[in-house]
Amino acid sequence: MDVGRYMILNGELTEWQHLEGAYVYQHIHTLDYAPYHLSQHLRIIEQASNLLFDEPTKYDESEIRECIKMLLAQAHLSRKVSICITMKLYTSGDTTIEYDAPSIYSGYVLRSLRAEATCLRMDIPLEAYPTSAAEASSELAEAIARARGYHTAIVVDGNDNIRCSSSAPIAIVNGKTLLISDSTGPSVERNILEQATRKAGYTIEYRTLKRSDLATADEVLRMNWQGLTAMQTVNGKPYMDIIAERIAKEFEK
């Protein structure tokens, strides 16, 4: 079966279809058909819907959990590796649950890819919220980076502030301190990174990250639904991944 052939639309299993309109979303990590941190993901969608769409929303966690299990079972995807579920709440009130291709990993990990990144100057609209606009901007930045021969992009605005979506927060390692961008809103991925960092014995500082911080960084990290990516280079400057490895060892303990 083709990946993405099915979806859940308003609680019902159906053939995949494209829906028009803006939405808020969450990327949800699943393993063995079970979603991780589902209650937090649902709370973020509900809060964003209330703030941006002025639409009070409340999901039944057990129903969403069963919908995810039903969707992955219908697609006959492997239980042995992690799969990304994307849940979207549209301005129309429709809710969809979709899946992506299976990962090569099981659980949150330090990804084997040491990404080569480039800085791109652009804005991410409403980056404090998990919106379709922010997602589209991030996807555009990634596409431009790949076209230029890089794995990924580090987005900076006109004031040289580093920007990122809430689903993929960026952190910079300086010594034994992890600098985390304060520009994003509630984020399951950031919470996981914070908890693992503290368990590993490192301190956290929250502030606006600047492009100039990349010049003095020991490591540059990005957390997403799969886990942690340690940048190999940003615009040719090399970085280590020692702290990233130690942090990743604390995932899901």
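Quick summary incoming for the structure in this document.

### With respect to the overall build of the protein
Part 1: Looking only at helices and strands, the protein has 6 helices and 16 strands in total.
Part 2: Relative to its length of 253 residues, the protein is compact, with a C-alpha radius of gyration of 18 Å against a globular reference of 18 Å.
Part 3: Overall size of the protein, expressed as C-alpha extent along the three principal axes, is 50 × 35 × 35 Å.
Part 4: Residue burial in the protein is summarised as follows: out of 253 residues, 53% are buried.
Part 5: Once local pairs closer than 6 in sequence are excluded, the contacts in the protein between residues at least 24 apart make up 67%.
Part 6: Accessible area of the protein: about 11500 Å², with a carbon and sulfur share of 48%.

### Examining the side chain of Q26
Part 1: Relative to the helices and strands, Q26 resides in strand β3 (residues 23–31).
Part 2: Among the residues examined, Q26 registers a relative accessible area of 3% and is labelled buried.
Part 3: Within the local environment of Q26, its side chain forms a polar contact with the side chain of H41, the two groups lying 2.7 Å apart.
Part 4: Discounting chain neighbours no more than four positions away, the residues touching Q26 are H41, I44, I45, I85, T86, M87, P130 and V188.

### Topic: helix α1 (residues 38–53)
Part 1: The end-to-end C-alpha distance of α1 is 22 Å, a good match for the 22 Å that 16 residues give at a rise of 1.5 Å each.
Part 2: Taken residue by residue, α1 has L38, H41, L42, I44, I45, E46, A48 and S49 as its buried positions.
Part 3: In this structure, the buried side of α1 is in contact with β3, β4 (34–35), α2 (61–74), β5 (83–90) and α4 (188–199).
Part 4: Once α1 ends, the next one or two residues include D54, with phi positive near 55°.

### Some words on the environment of K69
Part 1: With respect to the helices and strands, K69 occurs in helix α2.
Part 2: It is 28 Å that separates the C-alpha atoms of K69 and A133, two residues lying 64 residues apart in sequence.
Part 3: Residues contacting K69, with those up to four places away along its chain left out, are Y33 and R79.

### Regarding unusual backbone geometry
Part 1: Even without a glycine there, the phi angle at D32 is positive, about 55°.
Part 2: Although it is not a glycine, N235 adopts a positive phi angle of roughly 50°.

### As for α2
Part 1: Here α2 contains 14 residues, and its C-alpha end-to-end distance of 20 Å stays within 8% of the 20 Å for a straight helix at 1.5 Å per residue.
Part 2: If you check which residues of α2 are buried, you get I64, C67, I68, L71 and L72. Viewed end-on, α2 has its buried residues packed into an arc of 125°, placing them on one side of the element.
Part 3: Positive backbone phi, approximately 55°, marks H76, located one or two places after α2.

### Observations regarding the packing of α1 against α2
Part 1: It is at 10 Å that the axes of α1 and α2 come closest, and there the two elements cross at 110°. With respect to α2, the axis of α1 lies roughly perpendicular. Side by side, α1 and α2 meet where L38, S39 and L42 of the first sit next to E61, I64, R65 and I68 of the second.
Part 2: Across the contact of α1 with α2, the residue classes tally to 4 nonpolar, 1 polar and 2 charged.

### A closer look at the packing of α1 against α4
Part 1: At a closest axis distance of 10 Å, the pairing of α1 and α4 adopts a crossing angle of 135°. The orientation of α1 relative to α4 falls into the category oblique. Residues Q40, H41 and I44 of α1 touch α4, and the partners they reach there are V188, E189 and N191.
Part 2: Here the residues of the contact of α1 with α4 are counted per class, giving 2 nonpolar, 3 polar and 1 charged.

About the thresholds
- Residues numbered from 1 in each chain as written.
- Predicted model: local features only at pLDDT ≥ 70, side-chain atom pairs only at ≥ 80, totals over all residues.
- Heavy atoms only, no water.
- Helix = DSSP H or I, 4+ residues; strand = E, 2+ residues; numbered from the N terminus.
- Rg over C-alpha atoms; globule rule 2.2 N^0.38 Å.
- Buried < 20%, exposed > 50% of the residue type's maximum accessible area, 1.4 Å probe, protein only.
- Contact = heavy atoms within 4.5 Å.
- Areas by Shrake-Rupley, 256 points an atom, 1.4 Å probe, with all protein chains shown as cover.
- Polar contact = N/O pair within 3.5 Å; in protein donor to acceptor, adjacent residues only side chain to side chain.
- Expected span 1.5 Å × (residues − 1).
- Arc of directions from axis to C-beta.
- Axes fitted to C-alpha atoms, helices over the stretch in contact; angles between N-to-C directions.
- Parallel < 35°, antiparallel > 145°, perpendicular 65-115°, else oblique.
- Nonpolar A, V, L, I, M, F, W, Y, C, P; charged D, E, K, R; others polar.

Just geometry here; none of it tells us what the structure is for.
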